[in-house]
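What the coordinates show
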Amino acid sequence: MRTSHLAYIACAASTLFAAPCDPSTLLVETEIYPLSSGGDPRRIIAHDFNADQHLDLVVAQYGSDRISFHLGNGDGTFAPFVEYTSADGIGDGPEALGAADFNLDGHLDLAIGNINSTLTILLGDSTGSFTPGGVYNSGLFTLPSDLVVGDLDHDNDPDVVVIGQGNSVYVSLNNGDGTFATPVFYPVITGTTSIAIADINNDTHLDLAVTTLSTNKVQIMYGLGNGAFDTPIDYPTVTTPDDVQIGDMDNDGDLDLVVSTYFHLIAVHLNDGNGNFGTRIEYPCDVTPADIQLGDMDSDGDLDVIAATLSSNPASIAMLLNDGNGALSPQYDFFGTNTNGARGTCIADFNGDNAPDVAVAYEVSNRLHIYENTCDPNVVGCNPADLAAPCGELNFFDVSAFLVAYNAQDPIADFNADGLINFFDVSAFLTAFNNGCP
């Protein structure tokens, strides 16, 4: 069924309501891939770099000064790695990763933060290949450990924010051609470990959440819309926070914070609707979470938490399910083959069944593992524009859900996966909506 205008579209013919998911068997390890030699992989991201509608994977390999790039086949399998090294501008100890179309040529590019205080840009050509796009070493970057990408100054090009393993947040504004201005330094409390980006207070400007290890706080830096940020506001969080993610955990239309610590806790900070986080609830996580990600793992319409764990005892991956109100269940554990030291993870649909799968990079074995989600979505082949419940019906509720996400600069509105949320995503959403049922 197809339509040329926004209308009610019932996809009942393709609706297959599945039995409730069994959380204990939800993830199954299906593929294992060696990474480039040298070991110690850290961050991992998934994007469609060769424009074939299949997600690809990039792994930053801290211990070998290179990145491993794996093209996806669309069925949950991946091609062997292609490596990028110092010859391509990769510096010592690449750890932070981000992707966007930095030079606005229609192809996804890569940003890589290296521990030798450089930022590398690799330019993509939509074939799965990259060429050097610049190395930035102004002397300001201090041991980059994480970065985020977003349009901070509303000029329709993606900017980069890098945090260092000190008291540093560096904002690098894009000149519009994939080159970057001298970073602007923002002092924060010592010990930055992780950063996340979104419009937290619903003012159409992107904001930052930064975890600070030494003070047990998460700092919110509210964007002013011109690439600058207001004075950080501190919120107490778990002891020695290590990672932060942003998402609507209680389904109230505003964005919340999820913070993890090596000390076996995950905290949910609920947004009061104005970008304030006075409510914090802590949940035990009986592992050592090194990296957390948010995704609807059991296809019930709310965001769950996946944690990659530094130890294989008791698990390689821990999953905490959301009850829809932001409360997390006791964890479910999933194991890998001959693994320990799960360092980085990402959540995405690798096999095209509309259920989120998980990729994990293990630092000891130097392997990339793929875990398939065995939980069938409520609707098989659900249209990507079908954002509102119930899945299987396209109507004005889905349009409203997209507009809310768009105005909040929520990553779910990034329909063309270029790291920006702009009129191209509106066009992509309308195209998907008008395509109707799968």
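A brief look at the structure comes next. Sequence order as written defines residue numbering, which begins from 1 separately in each chain. The predicted nature of this model means local features are confined to residues of pLDDT at least 70 and side-chain atom pairs, given and counted, to a pLDDT of 80 or more, with totals for whole chains, interfaces and linings taken over all residues. In computing side-chain values, all of the structure's heavy atoms are included and hydrogens and water are not.

Along the backbone of the protein there are two helices and 30 strands. A 1.4 Å probe rolled over the protein chains alone gives each residue an accessible area, and that area as a share of the maximum for its type sets the label: buried under 20%, exposed over 50%, partly exposed in between. Counting only residues that meet the buried cut, the protein has 57% of its 438 residues in that class. Shrake-Rupley sampling with a 1.4 Å probe provides the accessible areas, and residues are treated as covered by the protein chains on show and by no other component. Here the protein displays about 16,100 Å² of accessible surface, and carbon together with sulfur accounts for 53% of that area. Per the convention used, a helix needs a DSSP run of H or I reaching at least four residues, while a strand needs a run of E reaching at least two, with both numbered from the N terminus.

Time to look at the sheet that holds strand 24 (residues 304–309). If you walk across this open sheet you meet the four strands as 23-24-25-26, and the pairing is antiparallel. Two strands bound the open sheet, and with one partner strand each, they are strand 23 (289–295) and strand 26 (332–334). Strand after strand, the sheet turns through a mean of 25 degrees between neighbouring axes, direction not considered. What makes two strands pair is DSSP finding at least two bridges between them. A fitted line through C-alpha atoms represents every axis, and for helices the fit uses only the stretch in contact; the resulting angles, taken between N-to-C directions, go from 0 to 180 degrees.

This part takes up the sheet that holds strand 20 (residues 256–261). A sheet is described by the order of its strands in space; here four strands give the open sequence 19-20-21-22, paired in antiparallel fashion. The open sheet has two edge strands with one neighbour each: strand 19 (241–247) and strand 22 (279–284). Averaged over neighbouring strand pairs, the angle between their axes works out to 20 degrees when direction is ignored. Relative to strand 22, strand 21 (residues 265–270) is paired through six bridges, and the arrangement is antiparallel. Across the sheet, Leu265 pairs through a bridge with Pro284, a residue of strand 22.

Counted residue by residue, strand 4 (residues 56–61) has six buried out of six residues, so it is predominantly covered. Direction of pairing for strand 4 relative to strand 5 (residues 66–70): antiparallel, over a ladder of five bridges. When the sheet's bridge partners are listed, Gln61 is paired in strand 5 with Arg66. Hairpin connection between strand 4 and strand 5: a loop of four residues separates the two successive antiparallel strands, and Asp65 in this loop has a positive phi of roughly 60 degrees.

The next thing to look at is the side chain of Asp88. With respect to the helices and strands, Asp88 occurs in the loop between strand 6 (82–84) and strand 7 (94–100). Comment: no salt bridge for buried Asp88; closest opposite-charge side chain is Arg66, at 9.2 Å. Residues count as neighbours in contact if any of their non-hydrogen atoms are within 4.5 Å of one another. With residues up to four places along the chain from it excluded, the contact list for Asp88 reads Thr120, Leu122 and Pro132. Charged residues are defined here as Lys and Arg on the positive side and Asp and Glu on the negative side; His and the ends of the chain fall outside this count. Each salt bridge in this description consists of a side-chain nitrogen of Lys or Arg and a carboxyl oxygen of Asp or Glu lying within 4 Å of one another.

Here we take up the pairing of strand 5. Across the five residues of strand 5, five count as buried, placing the element largely inside the fold. The alternating pattern of strand 5 places Arg66, Ser68 and His70 on one face and Ile67 and Phe69 on the opposite face, and all of these are buried.

On to the packing of aromatic side chains. Only Phe, Tyr and Trp rings are paired, with Trp represented by its six-membered ring, and only when their centres lie within 6.5 Å; those with planes under 30 degrees apart are stacked, over 60 edge-to-face, the remainder tilted. On inspection of all chains with the given rule, the structure shows 13 aromatic pairs. On the basis of an interplanar angle of 85 degrees and a centroid distance of 5.3 Å, the ring pair of Phe69 and Phe130 is categorised as edge-to-face. Highlighted residues: Phe69 in strand 5 and Phe130 in strand 10 (residues 130–136), separated in sequence by 61 residues. An identical accessibility class is assigned to Phe69 and Phe130; each is buried. Pairing Phe102 with Phe180 gives two aromatic rings, centres 5.7 Å apart and planes at 70 degrees, and the pair type is edge-to-face. With Phe102 in the loop between strand 7 and strand 8 (109–114) and Phe180 in the loop between strand 13 (168–172) and strand 14 (184–187), this residue pair connects regions lying 78 residues apart in the sequence. Here Phe102 matches Phe180 in class, with each residue buried. Chaining the aromatic ring pairs together yields one cluster made of Phe49, Phe69, Tyr84 and Phe130. Counted as over-ring charges are cases with an Arg CZ or a Lys NZ within 6 Å of the ring centre that also lie within 35 degrees of the ring normal. Here the basic side chain of Arg42 rests over the ring of Tyr62, its NZ or CZ set 3.9 Å away from the ring centre.

Locating Thr309 in the fold gives a position in strand 24. For Thr309, a relative accessible area of 0% translates into the label buried. The contacts of Thr309, once residues within four sequence positions are left out, are Val287, Thr288, Pro289, Ala290, Ala315, Ser316, Ile317, Ala318, Gly341 and Ala342.

Scanning all chains against the criterion turns up seven salt bridges. Asp291 is the partner of Arg43 in a salt bridge, and the nearest nitrogen-oxygen pair spans 3.9 Å. Pair noted here: Arg43 is in strand 3 (residues 41–47) and Asp291 is in strand 23, with a separation of 248 residues, a long-range link. Given a relative accessible area of 18%, Arg43 falls into the buried group. The shortest N-O distance in the salt bridge between Glu282 and Arg280 comes to 2.9 Å. What makes Glu282 partly exposed here is its relative accessible area of 35%. Residue class for Arg280 comes out partly exposed when judged on its relative accessible area of 35%. Bridged by salt links that share partners, the residues Asp40, Arg42 and Glu95 form one connected network.

Glancing now at the environment of Ala342. For Ala342, the location among the structural elements is in strand 27 (residues 342–348). Of the residues examined, Ala342 reaches a relative accessible area of 0% and is grouped as buried. Counting along the chain gives 19 residues from Ala342 to Ala361, while the straight-line C-alpha distance between them is 5.9 Å. In this view, Ala342 contacts Ala290, Ala308, Thr309, Leu310, Ser316, Val360, Ala361 and Tyr362; residues no more than four positions away in its chain are not counted.

Here we take up unusual backbone geometry. Positive phi, normally seen in glycine, also occurs at Asn156, with a value near 65 degrees. Along the chain, Asn156 turns up in the loop between strand 11 (144–150) and strand 12 (159–164). Residue class for Asn156 comes out partly exposed when judged on its relative accessible area of 39%. Of note, His264 is a non-glycine position whose phi angle comes to about 60 degrees, a positive value. Residue classification places His264 among the partly exposed positions, given a relative accessible area of 35%.

Looking now at helix 1 (residues 396–407). Expected span, for any helix, means 1.5 Å times one less than how many residues it has. For helix 1, with 12 residues, the first-to-last C-alpha span of 16 Å sits near the 16 Å given by 1.5 Å per residue. Along helix 1, the residues that are buried comprise Asp398, Val399, Phe402 and Ala405. Angular distribution of buried residues about the axis of helix 1 spans 130 degrees; they occupy a single face of the element. In protein, a polar contact means a hydrogen-donor-capable atom and an acceptor-capable atom, both N or O and within 3.5 Å, with residues adjacent in sequence counting only if both atoms are side-chain atoms; elsewhere, any N or O pair within 3.5 Å suffices. For helix 1, the side-chain oxygen to backbone nitrogen distance between the N-cap and Phe397 is 3.0 Å, and the N-cap itself is Asn395. Starting at the helix axis, one direction is taken to each C-beta atom, and the arc is that of these directions.

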